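This is what each chain is made of:
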Amino acid sequence: MSTDRNGDERLSGEARRRDATPPPGTPQDAGPANDLDDPSTPERTADRISAALRQQPVDDTAEQAAIAAFQSARKARDRTLSTRRLDDWRPRPQKHRWARGGAVALVTSSLLGGIAFASIGVVDTRQHNTPKTGTSHITPPAHTPREQSSPSSGPSTAPTTPSRHPGTTKDVEAHCRAYERVKNRGHALDATAWQRLIRAAGGKQHVATYCAQLTGSADTATSSPTKANKTGKGHGMPSAKAKPSKGPSSQP
Amino acid sequence: MSADNPALSTAVVRAQDGDEAAFVVLYRLVQPGLLSYLRGIAGEDAEDIAAAAWREIACELPRFRGDGHGFRGWTASIARRHALGHFRLHGAAPGSPGSPWTPPAVDNIAHTLPGATLSAETAQALVARLPRAQAEAVLLRHAVRLDERAAAQVMGRPRPVVRMLARRGLRSLARLLRPDDLTQHVPRTLGEPR
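In the nomenclature of an unreviewed UniProt entry, chain B is known as RNA polymerase sigma factor of Streptomyces yanii. Reading the Sequence similarities (unreviewed entry) entry of the UniProt record for chain B gives the comment "Belongs to the sigma-70 factor family. ECF subfamily."

And the structure:
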């Protein structure tokens, strides 16, 4: 295999060398090609041709005929000769070209800028959408039952709130459930998560009602047996409310 | 483009006011290039067409607006219109198979050295060997001495086309002027008559 390849390379190399050698080797071909490539040659040709063509002899009789035509035209001239479009050979003002170029540049830049701006927006929305892609698969089934159940059942707005922020609601629910057990254990409530929960509820006293609202709304969305359990918990909340009132009395 | 355009400009202005001497000046400035152009596109009938064109130029001179370079373009377009009318009356354009006019022989170019000056006949014969559109573009650019825009306006073709035609024509002329291979065939534009 390797020897074959080497042989091929040598062959191709020789072939390349064979191809490459003729142009410099044959001066008959190279000379004219260089002449043609030389830009000065057509220019010199233009100069020579131009100079030669301008040596045209001017015929006297033709000149006299032209002058006679000029004289007769001058005699017969009326003042009403207007300039037609084909008689106007004034150099066109450059302003128009600049104006047109400026307009083209403006349109092009605004077009490209608009495309760039739109593509930035697309990228942004994609970045925002990518974490939601997991939920977006979930939301259609969440939406379609809602649309089907909305005529029959009253609390149609309830499922939408957990579907918007499912992660945080779950966290809050979990914290609510754990709050019952944690709240009496020393300084556990100083942790940031609990502080956040208390802040969200608006005070230690309101945590129970806040959790009841959240879990209760989630229960109506999910199913009836859990509803029964959670309502049981909801009933337990007032007792939980009563416990902190005991807590400070037992702590000192 | 040419150095005598200012003189031509003043001559045109004075001739428009009725100055006969100024008209003679502008005739002598314009006629050689114009006649060369007409010889290139109309062959033997160039003198007749030039006479008719000058009659119109003399009559329409007050209508003209522009400078010396514009005057060259204006006269060239009038001459071209007369040449086309001449072809319409008398049949085929020169260079086409039915034309009575044959390009003069250019065998004597073989003696032309690269640095030597060409005679007017030799140059005309060389240009006559080009395809007609190339010859016209070369003549308008280098005999009438128009710029590219004016040449395009006279020919009624887009500027890039005129530029390409003139460049190809000059390249062919350069090849023809090389003494060693005069017999070389001049490449013709596709669809070109002759």
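Colleague: Any details on unusual backbone geometry? Residues and values, ideally.
Modeller: Positive phi, normally seen in glycine, also occurs at Arg145(B), with a value near 65 degrees. Locating Arg145(B) in the fold gives a position in the loop between α6 (132-142) and α7 (148-155).

Colleague: An account of a nonpolar patch on the surface is requested, with residue identities and associated values reported.
Modeller: Residues and elements named next belong to chain A. Residues Leu-111, Leu-112 and Ile-115 make up a contiguous nonpolar surface patch of roughly 320 Å² in combined accessible area. By the element assignment, Ile-115 lies in helix α6 (residues 94-129). The class of Ile-115 is exposed, set by a relative accessible area of 52%.

Colleague: Could you give an account of the interface of chain A and chain B, with specific residues and numbers?
Modeller: In many reports, interface size means the accessible area that the parts give up when they come together. Facing the 39 residues of chain A at the interface are 56 residues of chain B. Of all residues in chain A, Arg48(A), Phe70(A) and Trp89(A) give up the largest surface area on contact with chain B, accounting jointly for 19% of the area buried on that side. Applying the counting rule to chain A against chain B returns three salt bridges. The residue Arg74(A) makes a salt bridge to Glu20(B) at a minimum N-O spacing of 3.7 Å. On the surface where chain A and chain B come into contact, there are twelve residue pairs in polar contact (both at pLDDT 80 or more). In terms of residue class, the side of chain A that touches chain B is made up of 19 nonpolar, eight polar and twelve charged.

Colleague: Which residues make up a positive patch on the surface, and what values do they have?
Modeller: Residues and elements named next belong to chain A. Taken together, the side chains of Arg-85, Arg-92, Arg-97 and Arg-100 present a region of like positive charge at the surface. By the secondary structure assignment, Arg-97 is in helix α6. Residue Arg-97 is classed as exposed on the basis of its relative accessible area of 55%.

Colleague: Account for the side chain of His69(B), with residues named and values stated.
Modeller: All names here are of chain B. Within the fold, His-69 resides in helix α4 (residues 68-90). According to the relative accessible area criterion, His-69 is buried, its value standing at 14%. Within the structure, the side chain of His-69 is placed 3.0 Å from the backbone nitrogen of Asp-147, a separation counted as a polar contact.

The rules we used
Residues numbered from 1 in each chain as written. Chains lettered and ligands numbered in written order. Predicted model: local features only at pLDDT ≥ 70, side-chain atom pairs only at ≥ 80, totals over all residues. Heavy atoms only, no water. UniProt positions renumbered as here; feature names shortened; annotations may be inferred. Helix = DSSP H or I, 4+ residues; strand = E, 2+ residues; numbered from the N terminus. Patch = residues over 30% accessible without salt bridge, like charges linked within 9 Å, V, L, I, M, F, W, Y side chains within 5 Å. Areas by Shrake-Rupley, 256 points an atom, 1.4 Å probe, with all protein chains shown as cover. Salt bridge = Lys/Arg side-chain N within 4 Å of Asp/Glu carboxyl O. Buried < 20%, exposed > 50% of the residue type's maximum accessible area, 1.4 Å probe, protein only. Contact = heavy atoms within 4.5 Å. Buried area = accessible area lost by both parts, 1.4 Å probe. Polar contact = N/O pair within 3.5 Å; in protein donor to acceptor, adjacent residues only side chain to side chain. Nonpolar A, V, L, I, M, F, W, Y, C, P; charged D, E, K, R; others polar. Lys, Arg positive; Asp, Glu negative; His and termini not counted. Charge placed at Lys NZ, Arg CZ, Asp CG, Glu CD.

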